[in-house]
Amino acid sequence: MTKHPRIFDNAAAVFSAAADRVLELGGRAIAERGVFHLALAGGSTPEGLYRELARPERAGALAWERTHIYFGDERCVPPDNTQSNFRMAQQSLLRHVPVPAGQVHRIRGEDEPHAAAAAYEELLARYLPQTEGGWQLDLILLGLGPDGHIASLFPETDILGKRKALAAPVFVPKLDSWRISVTLPVINHARHIMLLVSGAGKAEVVRQALEVTPGTALPVQLIRPRGVPEWFLDRDAARELGPEARS
Ligand code: 6PG
């Protein structure tokens, strides 16, 4: 896990820098392979990043017609539900950029969870390039929950142990709800991982994730990527980190 997260004064600066990095990685993917396979994060934090990407001066900087959009996870609700990660992305980014509708691959949260997860796994296998380690995203964006969950890989859930599936349904007892998520192998095999974390409420889990010897307690500590996950933190989220992380 990287020991040198990028730390910014505030969330707005995180979103601006993260947007520039997404554009850089997207442009590189398209230049090298003609396509950019990008998985969006859910929750509330990334909305600021999506709004930055939707700004005219940035939106024109990416070949959206060569971009495929996926979702790291989805709540089991219809796409027009206020809890839907697709709805949040649609409103903050997707309806503002010319990504072809057929290249926005949402998880069908309105369907029965096991069927929706199976359908999404087939979709990932259909659209993503397969490399020696499996199907590969160019970039996956992740938020981080206070309990260390990423996507819908919550602590003590059976999805954490899935090594062959690309997507799976997961019942989250603390939320008393079903979700659908990509699995750890899909995250770890992505060419790039960006984690966006904002606010003092995440400071302790960020410290554990970056400075506590990896154990299996926190799902985020199970990230064993090909590359180095890139952390984008605001000062509040980074406030528990030691001097090494700030060097
Ligand atoms: C979701 C996300 C989830 C989220 C974290 C952080 O569907 O909620 O995939 O993993 O990234 O819970 O959420 P916030 O950004 O709202 O703090």
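For every chain, the first residue of its written sequence is number 1, and the numbers climb from 1 along that sequence. Per-residue local features are limited, in this predicted model, to residues with pLDDT of at least 70; the limit for side-chain atom pairs, both in listing and counting, is 80 or more; totals at the level of whole chains, interfaces and linings are taken over all residues. Each side-chain value is worked out from all heavy atoms of the structure, with water and hydrogens disregarded.

For this analysis, a nonpolar core means a set of buried residues of the types Ala, Val, Leu, Ile, Met, Phe, Trp, Tyr and Cys, connected via side-chain atoms within 4.5 Å. Buried residues are those whose accessible area, probed at 1.4 Å on protein chains only, stays under 20% of the maximum for their type, while exposed residues exceed 50% and partly exposed ones sit between those limits. Formed by 84 residues in total, the largest nonpolar core has its most connected members in Phe71, Leu94, Leu141, Ile150 and Trp231. Numbering goes from the N terminus for both helices and strands, where a helix is a DSSP run of H or I of at least four residues and a strand is a run of E of at least two. Ranked by residue count, the leading element in this core is helix H1 (residues 11-33), at 10 residues. Excluding residues that lie within four positions of it along the chain, isoleucine 150 makes contacts with Leu142, Gly143, Leu144, Leu184, Ile187, Leu195, Pro219, Val220 and Ile223. Whether two residues are in contact is decided by their heavy atoms: any pair within 4.5 Å suffices.

Attention shifts here to unusual backbone geometry. Excluding glycine, a negative phi dihedral is what most residues carry, and trans is how most peptide bonds are arranged. A positive phi angle is found at glutamate 156, which is not glycine, with a value near 60 degrees. Relative to the elements of secondary structure, glutamate 156 occurs in the loop between strand S7 (139-142) and strand S8 (167-172). Look at glutamate 156 and you get exposed, because its relative accessible area is 82%. Here the phi dihedral of aspartate 176 falls at roughly 50 degrees; this positive angle occurs in a residue that is not glycine. Structurally, aspartate 176 is set in the loop between S8 and strand S9 (177-182). For aspartate 176, a relative accessible area of 63% gives the class exposed.

At their nearest, the axes of helix H2 (residues 47-54) and helix H4 (residues 85-92) sit 8 Å apart, and the two run at 30 degrees to each other. One way to sum up the angle between H2 and H4 is to call them roughly parallel. The handedness of the crossing between H2 and H4 is right-handed. Here Glu47, Tyr50, Arg51 and Ala54 of H2 lie close against H4, whose contacting residues are Met88, Ala89, Gln91 and Ser92. Orientation is described by lines fitted to C-alpha atoms, with helices fitted over the stretch in contact, and by angles between N-to-C directions that extend from 0 to 180 degrees. Should an angle fall under 35 degrees it is taken as roughly parallel, and over 145 as roughly antiparallel, whereas 65 to 115 is taken as roughly perpendicular and any remaining angle as oblique. Here a crossing is called left-handed whenever its near helix is offset anticlockwise from the far helix by less than a right angle, and right-handed whenever the offset is clockwise.

This next bit is on the pairing of S7. Across the two faces of S7 the burial is the same, with Leu139 and Leu141 and Ile140 and Leu142 all buried. Here S7 runs beside strand S10 (residues 192-197); their pairing, made up of 4 bridges, is parallel. Bridge pairing in S10 places leucine 142 opposite leucine 195. We call two strands paired when DSSP finds no fewer than two bridges between them.

This brings us to the sheet that holds S8. Strand pairing in a sheet takes place through backbone hydrogen bonds and is either antiparallel or parallel in direction. If you trace the 3 strands from one edge of the open sheet to the other, you get S4-S9-S8, paired in antiparallel fashion. Strands at the two margins of the open sheet, each flanked by one partner only, are strand S4 (73-75) and S8. When strand polarity is set aside, the average angle formed by the axes of neighbouring strands in this sheet is 25 degrees. Sheet analysis places S8 next to S9, joined by 6 bridges and oriented antiparallel. Along S9, the bridge assignment pairs valine 172 with serine 177. Where helix H5 (residues 113-127) meets the sheet, its contacts fall on S8 and S9, and the angle it forms with S8 comes to roughly 150 degrees.

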